[in-house]
Every structure is written in structure tokens, then in C-alpha cells.
Amino acid sequence: MFYYVLKYVVLGPVLRLLFRPRIEGLEHIPADGAAIVAGNHLSFSDHFLMPAIIKRRITFLAKAEYFTGPGLKGRLTAAFFRSAGQIPVDRSGKDAGRAAIREGLKVLSKGELLGIYPEGTRSHDGRLYKGKVGVAVMAITAQAPVVPCAMVGTFEIQPPGQVVPRIKRVTIRFGEPLDFSRYAGLADQKAAIRAVTDEIMYAILNLSGQEYVDEYAVKVKAEQPAQAKKFPKLRR
């Protein structure tokens with residue numbers, strides 16, 4: 001109940017008024033049944049802007065840190081994310097990917113809409129990074145269509161490290177649903193899930209117009225401090 005109050009009464013109208021999002025291809029979101037919306041992830045604002053304009057309820061897999069913060073602020077943040085339809089997923093350890101897949105498949109098994117960012121983390125520089133294969137495993141296993149989505153302009157309004165977003169118009173684009181029924185039964189085949197993931201990322205790339213990097217964002221982020229120490233003159 002609170003999800004719809006938040007979406008249609010509290011947060012949704014404010015976001016629409018402030019950011020005046022241009023919405024393209026909303027008709028590509030299935031009216032019912034299980035489906036995955038797979039998007040690029042440029043900003044913390046993405047968590048709120050995309051769900052605000054989709055008519056159906058959408059459940060996202062979110063990092064567990066949003067639900068475990070200390071003190072009153074932590075409890076309020078956790079309550080907000082749960083009310084907004086977010087499911088906590090522990091991204092640490094070797095079983096993190098399996099846990100995310102299990103949670104996602106639970107959502108899809110109920111015929112609901114699942115939101116996921118295949119890059120696995122926010123882009124730190126506005127580029128599109130290599131997708132992780134969990135989205136492909138879920139799409140193949142659940143036989144659910146994947147709707148590619150591109151957030152355009154959200155990096156500019158709230159890049160990493162900026163708490164309060166700039167008030168500027170953004171664009172949200174949805175592409176035609178991708179059907180991966182031809183891969184039925186191949187969710188455990190590395191070549192198949194890599195091919196499906198790359199097809200999804202290519203569709204997102206076509207919608208967003210970003211520069212593509214064929215590496216995982218987490219890996220590139222982790223290498224940055226080391227590079228800064230090695231080449232201190234590159235710092236800005």
C-alpha cells in the first residue's frame with residue numbers, strides 16, 4: 001500500500017515536476033506477466049526516477065548496505081527502500097551472485113516486474129560497462145522477456161559523491177522486449193549466458209549512446225586508487 005502512496009502521492013509527482021522526464025518507449029513494458037527491465041546505472045537518482053514513471057510495480061535488487069546503516073538514519077533509509085520495492089542483496093562473497101539470482105527468480109515466479117542493473121554498480125565516469133551474467137540466467141530460467149532501458153542525463157544531475165541532485169531534465173528510454181526463448185535450458189552454459197548478456201548490453205548501448213567499456217565497472221573502480229598512486233600527476 002505504501003509503495004503506491006509513495007509512487008503516486010508523495011515522491012512520484014515531485015520527481016515529475018522537478019525533472020520533467022522525457023519518456024520514450026513506455027509501451028514496451030508488458031502490461032502484465034513476468035518481465036525484466038534491465039538498465040544502465042548512472043546515478044543514485046535512477047532508483048527513484050525509473051520506478052516513478054512505470055505504471056506497474058517494479059521490484060529492484062539493491063545492495064544490502066542500503067538496509068544496514070546505523071542509527072535512526074539507517075533505519076529510515078532501510079524502511080524507505082523496502083517501501084519502494086527494493087530487495088536487499090548481499091554482494092560480498094562467492095555466493096552473492098547466486099543469492100541475487102534466487103531473489104530475482106522469486107519475483108519473476110509471481111509474474112511480477114523485476115528491475116536490474118546488469119553492470120552491478122553505478123558507473124563512476126558515465127560510461128557503460130560490461131554486464132554481469134545474472135540477468136541472462138534469470139531471463140533464460142524464468143523465460144521472461146527483457147526490456148532494455150537507458151537513463152540519459154542522470155549522471156549530470158547526480159554524479160557519484162553528489163548528495164543533492166541538480167534540477168535538470170532527464171530522458172528515460174525503453175526498447176523493444178528481447179526474447180531469449182531460443183536459449184531455453186541453457187542457463188548453465190557459459191557461452192549462452194554471455195551471449196544473452198552482451199545482447200542486452202548492446203540494446204542498452206543503442207538506447208543510451210554511451211561509450212562502452214568491455215570491462216567490469218567494479219574492476220575498473222578498484223584499479224583507480226592504484227593508478228592514482230602510480231601516476232599522481234593524473235589526479236585532478
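Residues numbered from 1 in each chain as written. Predicted model: local features only at pLDDT ≥ 70, side-chain atom pairs only at ≥ 80, totals over all residues. Heavy atoms only, no water.

### Here's the deal with the environment of Ser-181
Line of reasoning, step 1. Following the sequence through the fold, Ser-181 ends up in the loop between strand S8 (171–174) and helix H7 (190–208).
Line of reasoning, step 2. Residue Ser-181 is classed as partly exposed on the basis of its relative accessible area, which comes to 38%.
Line of reasoning, step 3. Spatially, the C-alpha atoms of Ser-181 and Thr-141 are 9.5 Å apart, while their sequence positions differ by 40 residues. (Helix = DSSP H or I, 4+ residues; strand = E, 2+ residues; numbered from the N terminus. Buried < 20%, exposed > 50% of the residue type's maximum accessible area, 1.4 Å probe, protein only.)

### A look at H7
Within an α-helix, residues lying three or four positions from one another point in the same direction, as the helix has 3.6 residues per turn.
Line of reasoning, step 1. Over its 19 residues, H7 runs 27 Å from end to end, which matches the ideal 27 Å to within 8%, given 1.5 Å per residue.
Line of reasoning, step 2. Within H7 the residues assigned to the buried category are Ala-192, Ile-193, Arg-194, Val-196, Thr-197, Ile-200, Met-201, Ala-203, Ile-204, Leu-205, Leu-207 and Ser-208.
Line of reasoning, step 3. Where H7 is buried, its residues meet strand S2 (35–39), strand S6 (128–129), helix H5 (134–142), strand S7 (146–152), S8 and strand S9 (212–213).
Line of reasoning, step 4. Phi for Gly-209, located one or two positions after H7, is positive at around 70°. (Expected span 1.5 Å × (residues − 1). Contact = heavy atoms within 4.5 Å.)

### Some thoughts on the nonpolar core
Line of reasoning, step 1. Of all hydrophobic cores here, the largest spans 32 residues; its most connected members are Ile-36, Met-138, Val-146, Phe-180 and Ile-200.
Line of reasoning, step 2. Residue assignment for this core shows that the elements contributing at least two residues are S2, strand S4 (86–89), helix H4 (96–109), strand S5 (113–116), H5 and H7.
Line of reasoning, step 3. Among the elements that take part in this core, H7 stands out by supplying eight residues, more than any other.
Line of reasoning, step 4. When near neighbours in sequence (up to four residues on either side) are disregarded, Ile-200 contacts Ala-38, Val-135, Val-146, Leu-178 and Phe-180. (Core = buried A, V, L, I, M, F, W, Y, C linked by side-chain atoms within 4.5 Å.)

### Observations concerning the sheet that holds strand S3 (residues 58–63)
Line of reasoning, step 1. One open sheet holds the seven strands; their spatial order is S1-S8-S7-S2-S5-S3-S4, and the pairing between them is mixed. Strands at the two margins of the open sheet, each flanked by one partner only, are strand S1 (22–24) and S4. Strand-to-strand, the axes of this sheet are offset by a mean angle of 25°, without reference to chain direction.
Line of reasoning, step 2. By the bridge criterion, four bridges tie S2 to S5 in an arrangement that is parallel. Residue pairing for S5: Val-37 is matched across the bridge by Gly-115. (Pairing = 2+ DSSP bridges. Axes fitted to C-alpha atoms, helices over the stretch in contact; angles between N-to-C directions.)

### Focus: the packing of aromatic side chains
Line of reasoning, step 1. The tally for this structure, following the rule as stated, stands at three aromatic pairs.
Line of reasoning, step 2. With a centroid separation of 5.4 Å and 70° between ring planes, the pair formed by Phe-44 and Phe-48 is classed as edge-to-face.
Line of reasoning, step 3. Among the residues examined, Phe-44 registers a relative accessible area of 24% and is labelled partly exposed.
Line of reasoning, step 4. Overall, Phe-48 belongs to the buried group, its relative accessible area being 17%.
Line of reasoning, step 5. Ring centres of Phe-60 and Tyr-117 lie 5.4 Å apart, and the angle between their planes is 25°; on these two criteria the pair is classed as stacked. One end of the pair, Phe-60, is in strand S3; the other, Tyr-117, is in the loop between S5 and S6, with 57 residues separating them in the sequence. Just as Phe-60 is buried, Tyr-117 falls in that class too. (Phe/Tyr/Trp six-rings, centres within 6.5 Å; stacked < 30°, edge-to-face > 60°.)

### Things to note about a nonpolar patch on the surface
Line of reasoning, step 1. Taken together, the side chains of Val-14, Leu-18 and Ile-167 make up a nonpolar region of the molecular surface, amounting to roughly 250 Å² of accessible area.
Line of reasoning, step 2. Examined against the element boundaries, Val-14 turns out to sit in helix H1 (residues 2–19).
Line of reasoning, step 3. By relative accessible area, Val-14 is classed as partly exposed at 40%. (Patch = residues over 30% accessible without salt bridge, like charges linked within 9 Å, V, L, I, M, F, W, Y side chains within 5 Å. Areas by Shrake-Rupley, 256 points an atom, 1.4 Å probe, with all protein chains shown as cover. Salt bridge = Lys/Arg side-chain N within 4 Å of Asp/Glu carboxyl O.)

### Let's talk about the pattern of salt bridges
Line of reasoning, step 1. This structure, assessed with the given rule, holds eight salt bridges.
Line of reasoning, step 2. Of the charged contacts, one joins Glu-199 and Arg-182 as a salt bridge, the two residues approaching to 2.8 Å between their closest N and O atoms. Of this pair, Glu-199 sits in helix H7 while Arg-182 sits in the loop between S8 and H7, placing them 17 residues apart in sequence.
Line of reasoning, step 3. For Glu-223, the salt bridge goes to Lys-219, with nearest N and O atoms at 2.8 Å. Remark: Lys-219 and Glu-223 occur in helix H8 (residues 217–230); sequence separation between them is four residues, near one turn of the helix.
Line of reasoning, step 4. For Glu-223, a relative accessible area of 35% translates into the label partly exposed.
Line of reasoning, step 5. A relative accessible area of 41% means that Lys-219 is categorised as partly exposed.

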